[in-house]
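# Observations on the model geometry
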Amino acid sequence: MALPLAPAGSPDDDDRAELERLAGELRRLQMRYGIAGVGSQRLDDLVRSRRGRIRIIDEQMAELAAERRRLVTEVAGYQKALRLARSHEIDQLRKEHAEAWSPFAIRGYRFWHLRQGRFYGAARTLWEEPHLTAVCGRGAGRDEVPHSDGRCGVPACGIYAAKHPHLLVRNLGGSWQGALGLVELTGKVVEHAEGYRALHARVVALAVVAGGRWLATDDATVIAVAFYDPIHALARWGELGRCGQELRTNLVEYLMKREAGPWTSESNSA
Ligand SMILES: [Zn+2]
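Here we summarise the structure given alongside this text. In every chain, residue numbers begin from 1 and rise along the written sequence. At least 70 in pLDDT is required for a residue's local features to be given in this predicted model, at least 80 for side-chain atom pairs to be given and counted, and no such filter applies to totals for whole chains, interfaces and linings, which use all residues.

## Section: the overall build of the protein chain
Secondary structure is summarised from DSSP: a helix means a run of H or I of at least four residues, a strand means a run of E of at least two, and numbering begins at the N terminus for each. A count of helical and extended segments in the protein chain gives six helices and nine strands. Put simply, 64% of the contacts in the protein chain that link residues at least 6 apart link residues at least 24 apart. In this description, any two residues whose backbone-derived C-beta atoms lie within 7 Å of each other are considered to be in contact.

## Comments concerning the nonpolar core
Here a nonpolar core is just a set of buried residues of the types Ala, Val, Leu, Ile, Met, Phe, Trp, Tyr and Cys, joined wherever their C-beta atoms sit within 7 Å. Exposure criterion: with C-beta atoms placed from backbone coordinates, a residue whose C-beta has 20 or more other C-beta atoms within 10 Å is buried, one with 12 or fewer is exposed, and one in between is partly exposed. Membership of the largest hydrophobic core comes to 41 residues, with the highest contact counts inside it found for A161, A179, A198, L206, A207 and V208. Looking at this core, the elements with two or more residues in it are β2 (106–115), β5 (159–162), β6 (178–191), β7 (195–210), β8 (213–217), α4 (220–228), α5 (230–237) and α6 (245–260). No other element matches β7, which puts eleven residues into this core.

## Considerations on unusual backbone geometry
Residue V145 is joined to P146 through a cis peptide bond whose omega torsion reads 0°. By the secondary structure assignment, P146 is in the loop between β4 (131–133) and β5. Cis geometry marks the peptide bond from V154 to P155, where omega comes out at -5°. Residue placement: P155 occurs in the loop between β4 and β5. Despite not being glycine, Q116 has its phi angle at roughly 50°, a positive value. Secondary-structure assignment places Q116 in the loop between β2 and β3 (118–120). Located in the positive-phi region is E144, a residue other than glycine, with phi close to 65°. Mapped onto the elements, E144 comes out in the loop between β4 and β5. Assessed through the 15 C-beta atoms surrounding it within 10 Å, E144 is described here as partly exposed.

## Some details on the pairing of β8
A regular strand carries its side chains on alternate faces of the sheet. For β8, a buried count of four out of five residues is recorded, marking the element as mostly surrounded by other parts of the structure. Should DSSP find at least two bridges between two strands, the strands are taken to pair. In this structure, β7 lies alongside β8, joined through five bridges in antiparallel fashion. Looking at the pairing, A207 lines up with A216 of β8. In this structure, the hairpin formed by β7 and β8 is closed by a connection of two residues, where G211 is found at a positive phi of approximately 55°. Judged from the two bridges that link them, β8 and strand β9 (residues 239–240) form a sheet pairing that is antiparallel. Within β9, the position partnered with W214 by the bridge is E239.

## So, the packing of α4 against α5
Lines fitted to C-alpha atoms define the axes here, with helix axes fitted over just the stretch in contact, and angles between the N-to-C directions of these axes take values from 0 to 180 degrees. Closest axis-to-axis distance for the α4/α5 pair is 5 Å, and the angle between their directions is 135°. With respect to α5, the element α4 is oriented oblique. Note on element contacts: α5 touches α4 through P230, H232, A233 and W237, opposite V222, V225 and A226. Among the residues making up the contact of α4 with α5, the classes are represented as six nonpolar, one polar and no charged. The scheme is simple: roughly parallel for angles under 35 degrees, roughly antiparallel for over 145, roughly perpendicular for 65 to 115, oblique for anything else. Amino acids are sorted into nonpolar (Ala, Val, Leu, Ile, Met, Phe, Trp, Tyr, Cys and Pro), charged (Asp, Glu, Lys and Arg) and polar (every other residue, Gly among them).

## As for α6
With 16 residues, α6 should cover 22 Å at 1.5 Å per step; its first-to-last C-alpha distance of 23 Å lies within 8% of that length. Along α6, the residues that are buried comprise R248, L251, L255 and R258. For α6, the angular spread of the buried residues around the axis is 85°, confining them to a single face. Those residues of α6 that are exposed and aimed more than 90 degrees away from the buried face are Q245, E246, T249 and A260. Looking at the packing, one finds that the buried side of α6 touches β2, α3 (166–169), β6, β7 and β8. What a helix is expected to span follows from its residue count: subtract one and scale by 1.5 Å. In this description, the arc belongs to the directions extending from the helix axis to the C-beta atoms.

## Overview of the environment of R197
For R197, the position within the fold is in strand β7. For R197, a count of 25 C-beta atoms within 10 Å translates into the label buried. In this structure R197 touches P146, A156, G158, I159, Y160, V190 and H192, once residues within four positions along its chain are discounted.

What follows is the structure, given as structure tokens:
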């Protein structure tokens, strides 16, 4: 008995059953009347040879399907290894070029000069709000800012921040008026010996000194008001105090405590 070549209940099964029935009836009649040989033998041979060929093709298809499954599994395994290898190569390149992409914000310090009632960075950029995203001012493209391949010259683009607040304060004159701040750096951050250059910076703690008053805060609303109108913020939340060495030391300590503190990106009012 040949193996079934088509699913049970298919038209092919019906055909085969009908053909078996006809063949049986034909054999009975031939025996009854003593006739040898079958006139339809050639057609029967043709069907059998075709069925044999179909069986071989089915076996080959099963082999190909098995090989395909094996290849798909191998591709998945190699892709996993490739993903790891590429991540490793990227990490190595970033490490070699002192570049960090961190899911966590890197903390640094900045100062702003107070001019015409607003805060300006050292590079004379007006900070209208307590956050800023760097652009490359030398037409070196928007990708990969801050640039770390030297394409935009010196000083390279990015928002600068110092690793330690003392690095900033030591160069400020006795009559300096402005703000010191703790900033959160995100996006591409390039590390240098004493500081960082970052794509994004956001002020999370601020100390303002001007007009015989001072203010230290890590309240996001007060910080936002201070960047919009420093004099108003000092009048409303500030305290009287002479801008001397002692006050600056206290403000630096205040900011450093905030750096070590448990604040998160969303809530800085620890
Ligand atoms: Zn640049």
